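Given next are the chains, with one letter for each unit.
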Amino acid sequence: MSDAVVNEASPSTDATPDHEVLIVGAGFGGIAAAVALQQVGVTDFVILDKWGGVGGTWYANTYPGVQVDIPSMVYSFSFDQRSDWSRVFAPGKDLQRYAEGVVDRHGLRPKLRLNTLVTGAEWDEQQHYWRVQTEGGAVYTARFVVPAVGGLEIPKLPDIEGIEAFGGKTMHTANWDHDYDLSGKRVAVIGTGASALQLIPTIADTVEHLTVFQRRAIWIAPKPDWKAGPVTRYLLDRALFRAPVRAAVGVAVSAGTGGAFVVGKPVLPVLKVVEAGLKLWMRTQVPDRELREKLTPNYTFGCKRPSLSNVYLKTFMRPDVELVTEPIARGTETGIVTAAGTAREFDVIVCATGFEVMGKGTTPPFQVFGRNGVELGKFWHENRYSSFQGVSVPNFPNAFCIVGPYGFAPSSYHSFVEATAAHAARAIAEARRRGATVCEVRQEAHDRYTAKMRARIDRMEYVDMCAGSNTYYINYQGDVAMVRPESQATMWWQNRHFPFSAYRFETAARRIDMAPPVRTMSTAHTEPRAQ
């Protein structure tokens, strides 16, 4: 006999959804979710993605110089490790090709529905399944929905008065126009984050003159990168070598990107030592003292994700590259005017201004209506971002985020999405075992976890310490909502061993007096019903 609770208040008819699970996003998060489902025996699922290929951000971002910022052996799935990287820090095309390979090696190609933009999702309280609407008007139904839309999804455009009046070419690094030739052009780059750090040295030799507008400098460290030749590939192809090296590099990445979140304020003296070392190294890159001071951050190391490059700082020593630290006042038809009144003319303006991370209406980038018509984005806007282990939110049954609030213990992105995908798959598998049609996180479990995460961040005084750093770790609400201030090991274990008592399982019972759903979406769909 099933141990699921029978919910007489929320009956279901005999209608069967098109699929058991629907995954939104075919980036690494969506791929991780699909493999995790297969591992627990769930095979009736589809993966919807707006792009024409898989890989998510690595399919969309193709700007010159795009490259991963941690070693490739770590930036890969534990269940699909590779040795055929072209470099230690793989270029974007390698990562997109790797994503395609994982899809094929795990038989996911038939599950893909590419060029399919999701525009909304709604929980059907009567049927106990989700209705997911797409741009073309088709509606998919699924018992469970797994939003796997990554954080680097919605480009962040600069808020500059009059920038739309510019008569030349304007583009964001996330929407690069490869048909436009930069040769001999006067180019402005707005922003000095991770994308700009890769783009600027790459295009410096092509353009006539490059002007970089910097709001905040970034901490730069040397990059131990080289072309992966036969020896490197041979070693990485041996598990006895690869496993310990992968583990050691993974620990180093976790410590470098999130050590402060785990240790807290006692780590500050260590960070000051790191800053001193990086400043000494900067002297070898930028001999010009005045220029070096402009390129030196005035905030604590770790407030923003650390960056690696052997060529970025040197690029500013070129006579045809200018660093502008004056604030931008406005855009014009011909270029940009700074606060000091200096006008500069350009042929091209490139916005290397990053993405909306945990921003208003961007996570996920479509409306999701749960119980009683509660919309997820609006709920988070009014009540602050929150979730249970980065996965589940009360009033949104059978919905499991892969990149949710307080889910990412700074580490390799793949370790993160494997953990949240394992959580989602485990909850779905338990619902199947119980014969339940509803699996919803309990309010008290959600609140207890969220309070714990916020308290840890508050004890660090992270927001006060990093105020003014313009870090995407701090969202528009003043919260460090994307970060789980725990170790990678803790994230790995807890997402795979959470107590099932954190969830409420229900089985629908039939009833004649069914109330209509709160909202109604079109029920027409082009997807064949799963058998």
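Quick note: structure is the one above.
Throughout what follows, the structure given in this document is the object of discussion. Since we're looking at a predicted model, the values are computed, not measured.

Rules used in this analysis
- Residues numbered from 1 in each chain as written.
- Predicted model: local features only at pLDDT ≥ 70, side-chain atom pairs only at ≥ 80, totals over all residues.
- Heavy atoms only, no water.
- Buried < 20%, exposed > 50% of the residue type's maximum accessible area, 1.4 Å probe, protein only.
- Helix = DSSP H or I, 4+ residues; strand = E, 2+ residues; numbered from the N terminus.
- Pairing = 2+ DSSP bridges.
- Polar contact = N/O pair within 3.5 Å; in protein donor to acceptor, adjacent residues only side chain to side chain.
- Contact = heavy atoms within 4.5 Å.
- Arc of directions from axis to C-beta.
- Axes fitted to C-alpha atoms, helices over the stretch in contact; angles between N-to-C directions.
- Salt bridge = Lys/Arg side-chain N within 4 Å of Asp/Glu carboxyl O.
- Disulfide = S-S within 2.5 Å.

### Here's the deal with the pairing of strand S5 (residues 118–124)
No. 1: Among the 7 residues of S5, 6 are classified as buried, and the element is accordingly described as predominantly covered.
No. 2: Note that S5 and strand S6 (residues 129–134) share 6 bridges and pair antiparallel. Pairing of Ala121 across the sheet is with Val132, part of S6.
No. 3: Hairpin remark: S5 followed by S6, antiparallel, with 4 residues in the connecting loop; positive phi at His128, about 60°.

### Description of the side chain of Thr192
No. 1: Within the fold, Thr192 resides in the loop between strand S9 (186–190) and helix H4 (194–203).
No. 2: A polar side-chain atom of Thr192 sits 2.9 Å from the main-chain carbonyl oxygen of Arg216.
No. 3: Those residues in contact with Thr192 that lie beyond four places of it in its chain are Val212, Phe213, Gln214, Arg216, Ile218 and Tyr312.

### Focus on the pairing of strand S15 (residues 335–338)
No. 1: Alignment of strand S14 (residues 328–331) against S15, held across 3 bridges, turns out to be antiparallel. Opposite Ile328, over in S15, you have Thr338 as the bridge partner.
No. 2: The turn linking S14 back onto S15 is made up of 3 residues.
No. 3: Where S15 lies against strand S16 (residues 343–345), 3 bridges are found, and the strand directions are antiparallel. Pairing of Gly335 across the sheet is with Glu345, part of S16.
No. 4: Counting the residues between successive antiparallel strands, the hairpin from S15 to S16 contains 4 residues, one of them, Gly341, with a positive phi of roughly 90°.

### Section: helix H14 (residues 488–497)
No. 1: Along H14, the residues classified as buried are Met491, Asn495 and Arg496. The buried residues of H14 occupy an angular sector of 110° when the element is viewed end-on, so they sit on one face. Projecting away from the buried face of H14 at angles above 90 degrees are the exposed residues Ala489 and Trp493.
No. 2: Where H14 is buried, its residues touch helix H11 (413–434).

### Concerning the sheet that holds strand S10 (residues 209–213)
No. 1: Taken in spatial order, the 5 strands of this open sheet run S8-S17-S9-S10-S13, and their pairing is parallel. Of all strands in the sheet, those bounded by a partner on one side alone are strand S8 (169–172) and strand S13 (321–324). Within the sheet, the average angular offset between the axes of one strand and its neighbour, ignoring direction, is 15°.
No. 2: Here S9 pairs with S10 via 5 bridges, running parallel.

### Some remarks on the pattern of salt bridges
No. 1: In total, this model carries 28 salt bridges according to the counting rule given.
No. 2: Linking Arg456 and Glu486 is a salt bridge whose minimum nitrogen-to-oxygen distance equals 3.2 Å. Pair noted here: Arg456 is in helix H12 (residues 443–460) and Glu486 is in the loop between helix H13 (462–465) and H14, with a separation of 30 residues, a long-range link.
No. 3: Among the residues examined, Glu486 registers a relative accessible area of 4% and is labelled buried.

### Here's the deal with the state of the cysteines
No. 1: Under the defined criterion, the tally for this structure stands at 1 disulfide.
No. 2: The side chain of Cys303 participates in a disulfide bridge whose partner is Cys466; the two sulfur atoms lie 2.0 Å from each other. Torsion about the S-S bond of the Cys303 and Cys466 cystine: about -80°, corresponding to left-handed handedness. Linking Cys303 in the loop between helix H8 (289–295) and strand S12 (307–308) with Cys466 in the loop between H13 and H14, this pair joins segments that are 163 residues apart in sequence.
No. 3: Residue Cys303 is classed as buried on the basis of its relative accessible area, which comes to 0%.
No. 4: The class for Cys466 is buried, based on a relative accessible area of 1%.
No. 5: Cys439 takes part in no disulfide bond, and the closest cysteine sulfur to it belongs to Cys401, at a distance of 13 Å.
No. 6: The class for Cys439 is buried, based on a relative accessible area of 1%.

### A short note on unusual backbone geometry
No. 1: Cis rather than trans, the peptide bond between Thr363 and Pro364 has omega equal to -5°.
No. 2: Inspection of the secondary structure assignment puts Pro364 in the loop between strand S17 (348–351) and strand S18 (367–369).
No. 3: The phi dihedral of His128 falls on the positive side, at around 60°, and the residue is not glycine.
No. 4: Tracing the sequence through the fold places His128 in the loop between S5 and S6.
No. 5: One non-glycine residue with positive phi stands out, namely Tyr406, at about 55°.
No. 6: Among the structural elements, Tyr406 can be located in the loop between helix H10 (376–383) and H11.

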